[in-house]
Amino acid sequence: MTEQQETTQTRDTEADRIRAARESFSGRLLTNRQFKEAVAVTRILEAEIQRSGTFREKLGDYAYAFARTERFDAMKGETILRDLFKERTGQSMNEMRKAFVESEEALTDDHRAQAYRRASGIEGMMEAGDKLGFTRAAAHQAEALAREIGITDACAMRVMAEAFEAARDIAFRDWGKELDERIYRPQIEAEKQTRERSRTRGGSDPEDRRNGQTDDPQGDLIGTARTDAPRRAARTRQPSP
C-alpha cells in the first residue's frame, strides 16, 4: 500500500468514526455547532496526550469552557468530550495514555540508538535551516522520534537527552546553548545588520518613505513651501473690480 493510499484510508476511517460519533448517544444531544466544537476539543486533548502523556487538567479546563455557554454543567461537558473522544479515536483517553506508558517501558537499545541519531541531527538541521534555534529544532526531532517509536513528545525529548549525554561528554542543554551561540545567534545578527544597511542606504525607514516623511529637514521645508505657495497666492490675489 502506498503512502497516499494509507493517508486516504486514514481519512476514510476518521470520517467514518466522526459519523459514528454523531449518531452516538452523546453526539445526538448536540447541535451541529456544538458537535463540531466538541470534536475540535477532542483533537486538542489527543494532541495533549501525545505531547505530555496527560489529559486531566486540560480536559477539566475545556469541559468547563465548553459547558459555560451551553445548557449543561461542566461534568456533563466532560462526559460528552470523553464519549466523543472514544468514538473518534477508538479508545478512551486513559487507554491512550496507558499505551504510551507501555511503549516507554518497552524501549530498547535500538530505540535509544535511534534517539541518539535524532539528537545528533539537531546540529545539521540548524545549519540548514533559516534562523532555527535549538529549542525548535530539538522539538521537531523529538516529535519525529515520538511518532516513529510510539512514545510521547516529552518522553522522546528525555530519551534523546539521555542518549546524547551517554555518548558525549556534555549536557544536552549546554550543547544546545553552544549551537545557538555558534549557529543561530550569528544568523539573527546578520539579519539585523541587513536591516540596518537597508535603512542606511534608503536614508530613512521604508515606512516613513511610504508616508511621505524624510530625514531631510531642508527637504521638508521645501516641500512645505511648495505646498503652501498656491494657498498664499490665493489669499493675496485681489478680486477683479
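The rules we used
Residues numbered from 1 in each chain as written. Predicted model: local features only at pLDDT ≥ 70, side-chain atom pairs only at ≥ 80, totals over all residues. Heavy atoms only, no water. Axes fitted to C-alpha atoms, helices over the stretch in contact; angles between N-to-C directions. Helix = DSSP H or I, 4+ residues; strand = E, 2+ residues; numbered from the N terminus. Left-handed = near helix turned anticlockwise from the far one by under 90°. Contact = heavy atoms within 4.5 Å. Nonpolar A, V, L, I, M, F, W, Y, C, P; charged D, E, K, R; others polar. Buried < 20%, exposed > 50% of the residue type's maximum accessible area, 1.4 Å probe, protein only. Expected span 1.5 Å × (residues − 1). Polar contact = N/O pair within 3.5 Å; in protein donor to acceptor, adjacent residues only side chain to side chain. Core = buried A, V, L, I, M, F, W, Y, C linked by side-chain atoms within 4.5 Å. Arc of directions from axis to C-beta. Salt bridge = Lys/Arg side-chain N within 4 Å of Asp/Glu carboxyl O. Patch = residues over 30% accessible without salt bridge, like charges linked within 9 Å, V, L, I, M, F, W, Y side chains within 5 Å. Areas by Shrake-Rupley, 256 points an atom, 1.4 Å probe, with all protein chains shown as cover. Lys, Arg positive; Asp, Glu negative; His and termini not counted. Charge placed at Lys NZ, Arg CZ, Asp CG, Glu CD.

A few words on the packing of helix α4 (residues 56–68) against helix α5 (residues 74–89). Across the interface, α4 lies against α5 with an axial gap of 8 Å and an inter-helix angle of 115°. Crossing of α4 over α5 shows right-handed handedness. Between α4 and α5, the contacting residues are R56, L59, Y62, A63, Y64, F66 and A67 on the first element and A74, G77, E78, I80, L81 and R82 on the second. Counted by class, the contact of α4 with α5 contains nine nonpolar, one polar and three charged residues.

Bringing unusual backbone geometry into the picture now. Its identity as a non-glycine residue notwithstanding, K131 has a phi of 55°, on the positive side. Position of K131 relative to the elements: it lies in the loop between α7 (109–128) and α8 (134–149). With a relative accessible area of 25%, K131 lands in the partly exposed category.

Turning our attention to helix α3 (residues 32–52). For α3, built from 21 residues, the straight-helix expectation of 30 Å at 1.5 Å per residue is met to within 8% by its first-to-last C-alpha distance of 30 Å. Looking at α3, one finds that the buried residues are Q34, F35, A38, V39, V41, T42, L45, E48, I49 and Q50. Positive backbone phi, at 80°, marks G53, one or two positions downstream of α3.

With that settled, the discussion passes to the side chain of R88. For R88, the location among the structural elements is in helix α5. Within the structure, the side chain of R88 is placed 3.0 Å from the side chain of T42, a separation counted as a polar contact. Polar contacts involving the side chain of R88 include one to the side chain of E46, which spans 2.5 Å. Contacts of R88, omitting those with residues within four sequence positions, involve E14, R17, I18, V39, T42, R43 and E46.

Core analysis: the biggest nonpolar cluster contains 26 residues, and I122, F134, M160 and F172 have the highest contact counts within it. Put simply, the parts of the chain that give this core at least two residues each are α7, α8, α9 (153–167) and α10 (172–202). Here this core takes eight residues from α9, the largest share from any one element. Beyond its immediate sequence surroundings of up to four residues, F172 is in contact with A119, I122, F134, M157, M160, A161, F164 and E165. Core analysis: the next-biggest nonpolar cluster, separate from the first, contains 22 residues, A21, V41, F66 and A67 among them.

Here we come to helix α6 (residues 93–105). The end-to-end C-alpha separation of α6 is 19 Å, in line with the 18 Å expected for 13 residues at 1.5 Å each. The complete set of buried residues in α6 reads M93, M96 and F100. Buried positions in α6, seen along its axis, are confined to an arc of 70° and lie on one side of it. Looking at α6, the residues exposed on the side facing more than 90 degrees away from the buried face are E102 and E105. On the buried face of α6, the contacting elements are α3, α4 and α5.

For the rest of this paragraph, the subject is the side chain of T152. With respect to the helices and strands, T152 occurs in the loop between α8 and α9. Those residues in contact with T152 that sit more than four places away from it in its chain are I49, Q50, R51, S52, G53, F100 and A146.

Now for the pattern of salt bridges. Per the counting criterion, the structure on display carries 21 salt bridges. The closest approach of N and O atoms between R112 and D109, which form a salt bridge, is 4.0 Å. Of the two residues, R112 and D109 both sit in helix α7, three residues apart, roughly one turn of that helix. The partner of K192 in a salt bridge is E189, with the nearest N and O atoms 3.9 Å apart. With K192 and E189 both in helix α10 and three residues apart, this pair spans about one turn of that helix. For E189, a relative accessible area of 35% corresponds to the partly exposed category. Look at the salt bridges and you will find they share partners, linking E14, R43, E46 and R88 into a network.

Turning our attention to a negative patch on the surface. Among the surface-exposed residues, E162, E165, D174 and E178 lie close enough to one another that they form a single negatively charged patch. Elements supplying a minimum of two residues to the negative patch: α9 and α10. Mapped onto the fold, E165 is located in helix α9. Under the relative-accessibility criterion, E165 is labelled partly exposed at 38%.

Remember, this is a structural readout, not a statement about activity or role.
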